Amino acid sequence: MPGGVAALILLLGGCGQAPQSTGGIVSTNPCADAMLVELVPDDRIAAISHYSADPMATSIPIETARRFRTTAGTAEEVIALDPDLVVASSFTQASTREAYRRAGLDVLYLDSPTTIAGSKAQVAELAEAVGAPAAGDALIARIDAAVAAARPPAEPPVAALVWIRGNLVSGSGTLLSEMLDRAGFRDAAADYGLRFTGYLPAEHVIADPPRVMLVPDAPGRSASARAAQLRGRVLSHMGARVEQAHFPRHLVNCGGPVIAEAMTRLAAIRREIR
């Protein structure tokens, strides 16, 4: 064991027992979590991101996340687990990257693809890194099938807004925007001058509503649910012809296997719009 790692584990001992070394794959990237659970057996995954255990941030079912150890993603935790491979985000801090380097860890940094093609390439990259190219091919084929099945009718696209939470919407130039397009929608965020994810005041939507609003929360008492209900009531009172459809929160965070489920849901919503 490198001296730096040994010293780090001794240091952690002063704050509590260090995690037992596990080998295997440790992911600090929630979107990688979603791919890994599809690509490799559970016993190869030593830990996943804590985001995947959060219902507001996960892209995998909570019951699936609970099968795995989670970490907060600190260098200390990850290094103490002595993994065979770390899968991290390209946004990982320089200090954490340096700690991984000093510990001699094998790390794969993944970015956040903004296209379906980019996401499929990332699936292939991760599958190759974990020695599961056949599983990667199968996942890519599933994505392709869902995209093909969601092909829209030969009609003009329907203007749609994807709400993430509260007054935050997904804008153009994103993976979600392409998925909308592939399913027969037009990302209406551009109508309000938004690109990528941004804040959209309710009054702008009320003044110029889209045909469809995709909301992540069922009716309830959360701030996001109340915001959606308020928008819906005001638009209904004004006589605006706006549909609100449920688009689960876990479908807005990542690509990979999420694309197949998201495209299936978008296609179902599109078929209901007349």
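Reading guide: rules and limits
- Residues numbered from 1 in each chain as written.
- Predicted model: local features only at pLDDT ≥ 70, side-chain atom pairs only at ≥ 80, totals over all residues.
- Heavy atoms only, no water.
- Helix = DSSP H or I, 4+ residues; strand = E, 2+ residues; numbered from the N terminus.
- Contact = heavy atoms within 4.5 Å.
- Salt bridge = Lys/Arg side-chain N within 4 Å of Asp/Glu carboxyl O.
- Buried < 20%, exposed > 50% of the residue type's maximum accessible area, 1.4 Å probe, protein only.
- pLDDT = per-residue confidence, 0-100.
- Pairing = 2+ DSSP bridges.
- Axes fitted to C-alpha atoms, helices over the stretch in contact; angles between N-to-C directions.
- Core = buried A, V, L, I, M, F, W, Y, C linked by side-chain atoms within 4.5 Å.
- Disulfide = S-S within 2.5 Å.
- Polar contact = N/O pair within 3.5 Å; in protein donor to acceptor, adjacent residues only side chain to side chain.

(A) Representation of the overall build of the chain. Summing up its helical and strand segments, the chain has eleven helices and eleven strands in all. Considering only contacts in the chain between residues 6 or more positions apart, those separated by 24 or more positions represent 62%.

(B) Examining the pattern of salt bridges more closely. Going through the model one piece at a time under the given rule, you end up with nine salt bridges. With a closest N to O distance of 2.7 Å, D144 and K120 form a salt bridge. Linking D144 in helix 7 (residues 133-149) with K120 in helix 6 (residues 116-129), this pair joins segments that are 24 residues apart in sequence. Using a relative accessible area of 35% as the deciding quantity, one classes D144 as partly exposed. Accessibility expressed as a relative area gives 22% for K120, which makes it partly exposed. When the shortest N-O distance is used, the salt bridge between R270 and E155 registers 3.2 Å. You can see R270 sitting in helix 11 (residues 257-272) and its partner E155 sitting in the loop between helix 7 and strand 6 (158-165), a full 115 residues away along the chain.

(C) Region of the structure containing the confidence of the model for the chain. Taken as a whole, the chain shows an average pLDDT of 86; of its residues, 83% reach a score of 70 or greater. Within the model, the stretch residues 1-19 combines pLDDT values under 50 with 15 contacts to residues more than four positions away or in other chains.

(D) Spatial organisation of the sheet that holds strand 4 (residues 85-89). Reading across the sheet, the five strands line up as 3-2-1-4-5 and stay open at both edges, with parallel pairing between neighbours. Both edges of this open sheet fall to strand 3 (70-71) and strand 5 (107-110), since each of them pairs with a single strand only. Pairing of strand 1 (residues 25-27) with strand 4 involves three bridges; the strand directions are parallel. Bridging across to strand 4, V26 finds its partner in V86. Helix 2 (residues 30-39) contacts strand 1, strand 2 (45-49), strand 4 and strand 5 of the sheet and is inclined by roughly 140° relative to strand 2.

(E) Fine view of the nonpolar core. Formed by 54 residues in total, the largest nonpolar core has its most connected members in M179, F185, L214, F247, M263 and L266. With eight residues, the top contributor of residues to this core is helix 11. With residues up to four places along the chain from it excluded, the contact list for L214 reads L161, V162, W163, L180, A245, F247, L266 and I269. Counting residues in each nonpolar core, the second largest holds 13 residues, with A47, A75, A103 and L105 among its members.

(F) Seen up close, the pairing of strand 6. Among the eight residues of strand 6, seven are classified as buried, and the element is accordingly described as predominantly covered. Examined bridge by bridge, strand 6 and strand 8 (residues 185-187) share three bridges and lie parallel to one another. Looking at the pairing, A159 lines up with R186 of strand 8. Between strand 6 and strand 7 (residues 168-170), which pair antiparallel and follow one another directly, the connecting turn spans two residues, one of which, G166, has a positive phi of 50°.

(G) Fine view of the state of the cysteines. The final tally for this structure, using the stated rule, is one disulfide. Disulfide pairing places C31 opposite C254 at an S-S distance of 1.9 Å. Judged by the sign of its S-S torsion, about -80°, the cystine formed by C31 and C254 is left-handed. Of the two residues, C31 is situated in helix 2 and C254 in the loop between strand 11 (243-246) and helix 11; the sequence distance between them amounts to 223 residues.

(H) A look at the side chain of S52. Relative to the helices and strands, S52 resides in the loop between strand 2 and helix 3 (62-65). Separated by 2.6 Å, the side chains of S52 and D33 make a polar contact. What S52 contacts, discounting residues up to four positions off in sequence, is P30, D33, T58, I60, I62 and A65.

(I) Focus on helix 2. Buried residues dominate helix 2, accounting for seven of its ten residues. Its side-chain oxygen at 2.9 Å from the backbone nitrogen of C31, N29 defines the N-terminal cap of helix 2.

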